[in-house]
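# Structure at a glance
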Amino acid sequence: MVAVMPAAGRRTSEPLGPAACESDAKKLEYIEEMTANAGEVQERVLAEILSRNAGTEYLRRHGMGGATDRKTFREKLPVVTYEDLRPEIQRIADGDRSAILSAEPISEFLTSSGTSAGERKLMPTIEEDLDRRELLYSLLMPVMNVYVPGLDKGKGLYFLFVKSETKTAGGLAARPVLTSYYNSHHFRQRPFDPYNVYTSPTAAILCPDPRQSMYAQMLCGLLHRLDVLRVGAVFASGLLRAIRFLQLNWRSLAADIASGELSAEVSDRSVREALFPLLRPDPDLARFIAGECAAGEWGGIVRRIWPKTKYLDVIVTGAMAPYIPTLEFYSGGLPMACTMYASSECYFGLNLRPMCPPAEVAYTIMPNMGFFEFIPLDSGDASPAPPVGLTEVEQGKEYELVITTYAGLYRYQVGDVLQVAGFHNTAPAFKFVRRKNVILSIDSDKTDEAELQAAVGRAAAWLAEASGLGVAEYTSQACTEEIPGHYVVYWELIGGGSAAAEVMERCCWEMEEALNVVYRQNRARDGSIGPLEIRVVRQGTFEEVMDCAIARGASINQYKLPRCVGFRPIIELLDSRVVAAHFSPAPPTWWPEGSRGRA
Ligand code: AMP
């Protein structure tokens, strides 16, 4: 391709393509157009959001006076966190229908996996946001088709789930963004698209019982094994959970396939109806599945059961990165495609090179999804630098994402730290670096240092009461060696003593009880997190950890024990000093949010 001289101030990139079909070509052109005019699109989006919502209580209170320009916006509106907006959100949740944040009525709340005071954050959304989400989804396959031909010749085996939903005191639905999307007509009545045929019937995806839903989706995946071209889930942890499910349930699944009868375990009527036409006695397939699974050779199982799979469609960036080796093992080294970056607050962008290795994944922000600002993180100044615009970010630098949305979040800190990896036309592509403050994560849970501290505090109080012992030091790790992964908390007890097993087990459970609702739901309802483990280490271990850090260059005066460790040599040191390990004997209490009368 002939290099084109960039116009002044513009950065160019190879155009996307060739498109697989005419409708894909239109979508790719659309991406080119949006990214080529990122600055202009952002100005338009900001003006639209501010003019539509000019009469809202929030914008009036901040003295916007109907202005729609970036300068006034920056001068008048503060950068905020969820805590700042909590009073407004609570009023909406309680039933105040006046134009508080958004002129458009809030259609529902999206419950984020980010928590505040132990509860999921409630993100306001408006009806038309569904169109924006659908728009971003509609761009994914046209991009993928550029890199992987023939995806219209088969199906996708995706493990997709809805989660529990509730109503706020004021009667608005509160549910995760994907639950909202799967229940929308956009998903339920989607037109046939040969590039987007799923093995899972919609009824199986919408089944509220996670076990029945998984059973039905896995069964359909096995029945269509020779049609499957891609295997996926939203996050890596979800796909691994499906593989684990196969390991534990293949006998029953194979029996259903052999007899052509669906196990009575699946009692959901609409799932039974959806599966009925698919099941015929197929002893050969049943024998094949049983043979593969009984052999106990799980390495490469995905390739053997679904031999035409071209890639795994699953997010392995951010908190999911530790799962990459396990996925490689089970899939026999299939490529992993991370296609998009989104949240309850706003959908952000997509990976324009989805088949790149995980370490190179970068998400190009689509400038029409919302208005984006970025707080520079490495400015070196004591006070935080002011946010810059989407087209003002610099290659290689790290930023914290701040968004302004159509639904009425203004200059809201999402909590994600991103690094500019490059540009597509004038739109930056970001590597996901980390979630601010989160130290432990297994699935969608996000535990920060303060939450872990509070959990240790609660368990330590129980330990003191039951055995008179105290916790001298602690740290933790998210252990993903087994599926599901679990939290491991290392404790050194004062005086190096140890307590009875029942006491320590109760300590594990007390910690789980103290953790946030997303952790407890993942653990108690979804089974996506295993029982919390306390590993008691012998006296002096944490001093050794400090010595090790100092030997590696840490300052002796400034040394602070990390409350979470990921560095292998430190984990190995801790593990080699373990004197006893205890697991939580029962899942923590969990109830659907709102069912206790809260918003
Ligand atoms: P939620 O609001 O529960 O939907 O969670 C959204 C958060 O999940 C984002 O703010 C990110 O922290 C994380 N996330 C979403 N997509 C990705 C991705 N592709 N890679 C890494 N983290 C992601």
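Going by what an unreviewed UniProt entry lists, the protein chain is known as Putative indole-3-acetic acid-amido synthetase GH3.8 and is assigned to Apostasia shenzhenica.

Counted according to the given criterion, the structure contains 5 cavities of 30 Å³ or more. Empty space within the largest cavity amounts to approximately 90 Å³. For the lining of the largest cavity, the per-class residue count stands at 5 nonpolar, 1 polar and 4 charged.

Our next topic: the site of the ligand. Around the ligand, a shell composed of 15 residues is seen, among which Ser113, Thr317, Met340, Ser344 and Asp416 lie nearest. One of the side-chain N or O atoms of Ser113 is found 2.5 Å from an oxygen atom in the ligand. At 2.9 Å from a nitrogen atom of the ligand is found a side-chain nitrogen or oxygen belonging to Tyr363. Protein chains bury 90% of the 500 Å² of accessible surface belonging to the ligand in isolation. For the shell around the ligand, the elements supplying multiple residues, two or more each, are strand S1 (108–116), strand S9 (340–342), strand S15 (412–424) and strand S16 (427–435). The element best represented in the shell around the ligand is S9, accounting for 3 residues.

What follows concerns the UniProt feature "domain: GH3 C-terminal" (unreviewed entry) in the protein chain. Those places that UniProt annotates as "domain: GH3 C-terminal" (unreviewed entry) correspond, in this numbering, to residues 451–567. Counting secondary structure, residues 451–567 comes out at 44% helix and 19% strand; the distance between its end C-alpha atoms is 22 Å.

Pairing is mixed in the open sheet, where 4 strands are placed in the order S19-S20-S21-S22. Looking at the sheet topology across the chains shown, the edges are occupied by strand S19 (471–479) and strand S22 (578–583). Put simply, the sheet's adjacent strands are angled 20° from each other on average, direction ignored. Alignment of strand S21 (residues 533–537) against S22, held across 5 bridges, turns out to be antiparallel.

Moving on: the domain arrangement of the protein chain. Often, the extent of an interface is quoted as the loss of accessible area upon association of its parts. Looking at the assigned domains, one finds that the protein chain contains domain 1 (22–127 + 342–435), domain 2 (152–309) and domain 3 (440–583). The gap between the C-alpha centroids of domain 2 and domain 3 is 35 Å. Contacts between domain 2 and domain 3 engage 10 residues on the former and 10 residues on the latter. Taking both sides of the interface into account, the surface hidden between domain 2 and domain 3 amounts to around 870 Å²; carbon and sulfur atoms contribute 48%. Summed over the shared surface of domain 2 and domain 3, the number is 5 residue pairs in polar contact (both at pLDDT 80 or more). Top contributing element to the side of domain 2 that touches domain 3 by residue count: helix H11 (residues 236–259), with 5 residues. Among the residues making up the side of domain 2 that touches domain 3, the classes are represented as 4 nonpolar, 3 polar and 3 charged.

This brings us to H11. The terminal C-alpha atoms of H11, which comprises 24 residues, lie 32 Å apart, in line with the 34 Å expected from a rise of 1.5 Å per residue. Of all the bends found along H11, the most pronounced is centred on Asn249 and spans about 75°. The element H11 is extensively covered by neighbouring structure, given that 17 of its 24 residues are classed as buried. Gly260 sits one or two positions beyond H11 and adopts a positive phi of about 75°.

For the rest of this paragraph, the subject is the sheet that holds strand S8 (residues 336–337). Across the sheet, which stays open at both edges, the 4 strands sit in the order S3-S6-S7-S8 with parallel pairing between neighbours. The open sheet has two edge strands with one neighbour each: strand S3 (155–159) and S8. Alignment of S3 against strand S6 (residues 228–235), held across 5 bridges, turns out to be parallel. Its bridge partner lying in S6, Tyr158 is registered against Gly232.

Another aspect to go through is the pattern of salt bridges. Opposite charge on two side chains makes pairing possible when the charged atoms of those side chains draw close. The tally for this structure, following the rule as stated, stands at 35 salt bridges. Between Asp152 and Lys153 there is a salt bridge, with its nearest N and O atoms 3.0 Å apart. Lys153 gets classed as exposed once you look at its relative accessible area, which sits at 65%. We note a salt bridge from Glu544 to Arg577, for which the minimum N-O separation is 2.6 Å. Placement of the pair is Glu544 in helix H19 (residues 541–551) and Arg577 in the loop between helix H20 (568–576) and S22, with a sequence separation of 33 residues. Overlapping salt bridges bring together Glu57, Arg61, Glu88, Arg91 and Asp96 as one network.

The next subject is the layout of surface pockets. What the second largest pocket holds in volume is close to 440 Å³. Elements supplying a minimum of two residues to the lining of the second largest pocket: helix H5 (82–93), S1 and S15. It is S15 that contributes the most residues to the lining of the second largest pocket, 4 residues altogether. Partitioned by chemical class, the residues of the lining of the second largest pocket number 5 nonpolar, 8 polar and 8 charged. Built from parts of two domains, the lining of the second largest pocket gets at least three residues from each of domain 1 (22–127 + 342–435) and domain 3 (440–583).

Let us look at the packing of helix H16 (residues 449–467) against helix H17 (residues 501–514). Relative orientation of the contacting elements H16 and H17 amounts to 150°, with a least axis distance of 8 Å. Considering their axes alone, H16 and H17 lie roughly antiparallel with respect to each other. Pair H16 / H17 crosses with right-handed handedness. Between H16 and H17, the contacting residues are Leu452, Ala455, Val456, Arg458, Ala459, Trp462, Leu463, Ala466 and Ser467 on the first element and Val503, Met504, Arg506, Cys507, Glu510, Met511, Glu513 and Ala514 on the second. Residues of the contact of H16 with H17, tallied by class, amount to 12 nonpolar, 1 polar and 4 charged.

One finds Leu246, Phe372, Leu463, Trp491 and Met511 to be the most contacted residues of the largest nonpolar core, which totals 166 residues. Counting residues in each nonpolar core, the second largest holds 15 residues, with Val537, Cys548, Ala549 and Leu573 among its members.

This next bit is on the packing of aromatic side chains. Summed over all chains, the structure comprises 18 aromatic pairs. When the centroid spacing of 5.0 Å and the interplanar angle of 75° are considered together, the rings of Phe329 and Tyr330 count as edge-to-face. Phe329 sits in the partly exposed class, given a relative accessible area of 44%. Following the ring pairs from residue to residue traces out a cluster consisting of Tyr137, Tyr158, Tyr181, Tyr182, Phe187, Tyr198 and Tyr347.

Cut-offs used in this document
Residues numbered from 1 in each chain as written. Predicted model: local features only at pLDDT ≥ 70, side-chain atom pairs only at ≥ 80, totals over all residues. Heavy atoms only, no water. 1 Å grid on protein atoms, 1.4 Å probe; cavity = no way out; pocket = protein on both sides within 12 Å on 5 of 7 lines; lining within 4 Å. Points joined across faces, edges and corners; volume = space filled by probe spheres on them. Nonpolar A, V, L, I, M, F, W, Y, C, P; charged D, E, K, R; others polar. Near = heavy atom within 4 Å. Polar contact = N/O pair within 3.5 Å; in protein donor to acceptor, adjacent residues only side chain to side chain. Areas by Shrake-Rupley, 256 points an atom, 1.4 Å probe, with all protein chains shown as cover. Helix = DSSP H or I, 4+ residues; strand = E, 2+ residues; numbered from the N terminus. UniProt positions renumbered as here; feature names shortened; annotations may be inferred. Pairing = 2+ DSSP bridges. Axes fitted to C-alpha atoms, helices over the stretch in contact; angles between N-to-C directions. Domains from an automatic or database assignment. Contact = heavy atoms within 4.5 Å. Buried area = accessible area lost by both parts, 1.4 Å probe. Expected span 1.5 Å × (residues − 1). Bend = angle between axes of the 7 residues up to and from the residue. Buried < 20%, exposed > 50% of the residue type's maximum accessible area, 1.4 Å probe, protein only. Salt bridge = Lys/Arg side-chain N within 4 Å of Asp/Glu carboxyl O. Parallel < 35°, antiparallel > 145°, perpendicular 65-115°, else oblique. Left-handed = near helix turned anticlockwise from the far one by under 90°. Core = buried A, V, L, I, M, F, W, Y, C linked by side-chain atoms within 4.5 Å. Phe/Tyr/Trp six-rings, centres within 6.5 Å; stacked < 30°, edge-to-face > 60°.

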